[in-house]
Structures are given as C-alpha cells and as structure tokens.
Amino acid sequence: MAIENNRLTEQQYEENFADIHPPYENITAAKVDANRCLFCYDAPCMKSCPTSIDVPKFIKQISTENIKGSAKTIFSSNIMGAGCSKVCPVEKLCEGACVYNLLEEEPIPIAKLQRYTTEIAMKENWQLFERKPSTGKKVAIVGAGPAGLSCAHALSREGIDCTIYEKENKGGGLMTYGIAAYKVTPQFCEDEVNYILSIGGIDVKYNQELGKDITLAQLRKEYDAVYLGIGVGVARHLDIPGEKLEGVVDAISFIYDIRAKGFSTVPVGDKVAVIGMGMTAIDAATQAKRLGAKEVTMLYRRTQDEMPCTEVELDIAMLDGCKIIWLTAPKEVKGINGKVTELVCSKMKLGEPDTSGRRSPIDTGETFTLDVDMVIKAAGQTPFEDLIEDLKIQNLKGKITIDGNCSTNIQGVFAGGDAVNGGKEVVDAVQAGKDGAKAILDYIF
Ligand code: SF4
C-alpha cells in the first residue's frame, strides 16, 4: 500500500473530473422542461430557496425565450445564481419542494434551467445591474467568498465603494477551494467572480489576511463599516491517538490541493478511509476514488437516517464505488515507521436525541480494524476561534455572535455566512451577504 500521485493518465483525469451534470444543448431542450412548470401561486420552490429566487418567473421567462430577463430575475436574488445552480443540494431545497413531488412525478429540473440562463449571461457578459453614482462611503469586506462577494455586489449597486481583503490569491471562497472539481471547475469559479466584480466599485486585495497583513483597528479607522465574511477553517480534529501520523489529512486541504494544484500532483492512498458523511466528506471520498484510490470507505457514527448529506450525494459516492459503514466511529489510527497502516473503529448504536434533534451515537465497546494507508478527516470544520478571540469579537466557540442587524459587539463591524453559522450551504452565505449589505446601508446612512 502506498500514497502516490500521478496514478492515472491525463485522459483518465479529464474523464473522471468531467462535469457531472451536462447542461441543455439548446433552448428547445430547456423549453421542454420549462413548459412543464405549473407556475404555482405562492410557489413552494421559491419559498424553499434561502435567497428567494422567483423560480416560476424565471422559468416562465425561459419558456418565452426571454433569457436575459430570466438571468436578471435569478441574479437579482442571488448574484452567485450560476454557481449555486451547480452546487446547491436542490433535492432538499427548491426541487425537493416542487409540487410535482406530491404527484409522484419528476420535479422541474430548476437547477438545470437556472444554469442554462446564468451561463449564457456570464458567457455574453450581460451587464444586468447598474451601479448608482458613488456616495463617497467606503466599506471594507474581509473574505471574497460567497458572503463577501454578495455583500460587496449589493453595496456597490447602491454606490458604496467596497474593498475586499482576501487571504487567498483567488476569490470565491469555498466555491473555488472547497467543492469537488466535477461540480464546478476552477475556471468557472474564476469567471463567476470576475462576472460579479464587473459591476465596478469593488476592489479586491488578494493575499491579505486579517490579523496578519491587516488589522481590524486599521479597517475600522479607514472605512465607514466593516463586514466579516471569513468563513470557517480546517477540518475538526478527531482527537484520537495516531492523528498526527503521515497519511492523515484534512478533507478541506485535500480538496483545496486538487483544485489549486491539479489532479496529477495530489497524492492519494490505495485504501482510503473518509471520516464523516457531509457534503465535504462525499466530495473528498468521490475525488479520492477519481484520483485512482483502489478502495474508499466512508465511516459515519450514525445511520443513513441522520446523515447530513442528501440521498443524491450518497448515490454519487456509491456509484463511484465508495463503501459506506454506518454506526462507526474512528478510535485509533495505527502506523508503522510513522505512516498510517490501520484504522481501529468503534461500533456504535443510537441513543436518545441530542440538541441537534438527531439520535446520538453511543459506543458499544466493540471494535474492528480496517487496513488503510490514508485517513481523510471530514467531520465538520472549526471556526477561526483564536482569530475571533484576538479581535475581541463576541462568539460562541469561535462562531461570531451577531444581532438581528448582522452587527457584532463592535460598533460598525458586521458579519455573516459560515463565520457566524459554523458552515452551511453557499446559497445561505449569499443570503447572509445580502442581509449584511442591507444592515450596513441602514447603519451608514
Ligand atoms: Fe414550477 Fe414546481 Fe415551482 Fe410549481 S413548485 S412553480 S411546478 S418549479
């Protein structure tokens, strides 16, 4: 067993990481699906979208071939509507709420239709929003992820001059660095960021990290308000013996490397265990398989009923040949010469519901051992607790505390997205950015 890179040919990498959801080939194909929509009054699909996209309206616009109008309807509610059409867990959001489900028929493929119009808008570089003349007010935004970009775009439309400070050398945050490459390509993410910025009035300063290259005091002094959209950090520690052995990696770093450095450069084991069953765990497991791992086993301490990922995501993992072991928690990583060779696992059973409402896992005392050479940790991410404490921002275990106006305990400092909620969907972060922008406008005028 070994951890190696360059396991496949270039052609195999290309095939394995090709777009998982092929788009419509033409308007006729899109209209066939659009014309099935019942354009429901009080549409449940719209209500279940965190950004409240007017779904029946944009679908109606497709059916009348008003593609520009359709794109504007989507982007008015969600400026990352193109990316969200590729990464949203629509089966538990808009498509899951479509009335066709009640009729036991296929729901309208809302994401595919949304993708159709937004991709055309990006390709044609349609400028659908006009920035108001500059008001002279300036806002600093920390983090060029979905929350920060959404906040900046909404503020810029109102004539606010925005400066985004981003610690990476590219924008997009989790969308650019933390999602499987077969869902959104790095090129698409770059194009999407550029499209959002094309409204003007938003200056992005890359490689600028809060607490290192810039300070909060400095930003508060130079700007009328500050918005923190800093997201969350590395994968949660397992806190088990052997976690420091060579071959134990963090899912976010693994996914980041695949996206930032290229498929052939990323080492992967022969036998890989992935701890967790959220979207990041699925993305890590499926990509480990697609990089050439011979066996990938996903471990989850609860059952399928409690898993955080959707059934569609689980299907992707299973179709890729990943094995799933339910009611299992990691107990110890063992190694030889400092390298991972085994993962000792505890068998669990379900007890009473915990604060999340899900039945909590209880150790049965029984164990079993898996032969592995790589362990990927994907059991949630931890907030930037040390940074938040250093900044003297009120928080709950590192998650920033905000009031109903998105304001932190520091005057003029607002926050939103994963840094506040601990990690939700991209679409939730986009809405948080809109809420932040509205609160900032109320504050500075
Ligand atoms: Fe169309 Fe389904 Fe939404 Fe009704 S619920 S408006 S059928 S997409």
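Residues numbered from 1 in each chain as written. Predicted model: local features only at pLDDT ≥ 70, side-chain atom pairs only at ≥ 80, totals over all residues. Heavy atoms only, no water.

### A short note on the layout of surface pockets
- A volume near 790 Å³ is recorded for the second largest pocket.
- If you trace the second largest pocket, you find 37 residues lining it, with Lys167, Ile230, Gly231, Val232 and Phe384 closest to the centre.
- Among the elements of the structure, helix 9 (146–157), helix 10 (174–177), helix 13 (251–261) and helix 18 (426–444) are those that each provide at least two residues to the lining of the second largest pocket.
- Looking at which element gives the most residues to the lining of the second largest pocket, the answer is helix 13, with three residues.
- Residue composition of the lining of the second largest pocket, grouped by class: 17 nonpolar, 11 polar and nine charged. (1 Å grid on protein atoms, 1.4 Å probe; cavity = no way out; pocket = protein on both sides within 12 Å on 5 of 7 lines; lining within 4 Å. Points joined across faces, edges and corners; volume = space filled by probe spheres on them. Helix = DSSP H or I, 4+ residues; strand = E, 2+ residues; numbered from the N terminus. Nonpolar A, V, L, I, M, F, W, Y, C, P; charged D, E, K, R; others polar.)

### Notes on the site of the ligand
- For the ligand, the full set of nearby residues is Cys37, Leu38, Phe39, Cys40, Pro44, Cys45, Pro56, Cys98, Val99, Ile108 and Ile110.
- Under a 2 Å grid-point criterion requiring more than half of the atoms, the pocket assigned to the ligand is the second largest cavity.
- For the shell around the ligand, the class distribution of residues is 11 nonpolar, no polar and no charged. (Near = heavy atom within 4 Å. Sits in = over half its atoms within 2 Å of the grid points.)

### Some remarks on the sheet that holds strand 12 (residues 374–377)
- The strand order 5-12-6-7-8 describes an open sheet built from five strands, whose pairing is parallel. Each end of this open sheet is capped by a strand with a single partner; those strands are strand 5 (248–250) and strand 8 (323–325). Geometrically, the sheet is characterised by an average inter-axis angle of 25 degrees between neighbouring strands, direction not taken into account.
- Sheet topology note: the strand 5/strand 12 ladder contains three bridges and is parallel. If you follow valine 249 over to strand 12, its bridge partner there is isoleucine 376.
- Where helix 14 (residues 279–290) meets the sheet, its contacts fall on strand 6 (271–275), strand 7 (295–299) and strand 12, and the angle it forms with strand 7 comes to roughly 170 degrees. (Pairing = 2+ DSSP bridges. Axes fitted to C-alpha atoms, helices over the stretch in contact; angles between N-to-C directions. Contact = heavy atoms within 4.5 Å.)

Purely geometric numbers; function is a separate question.
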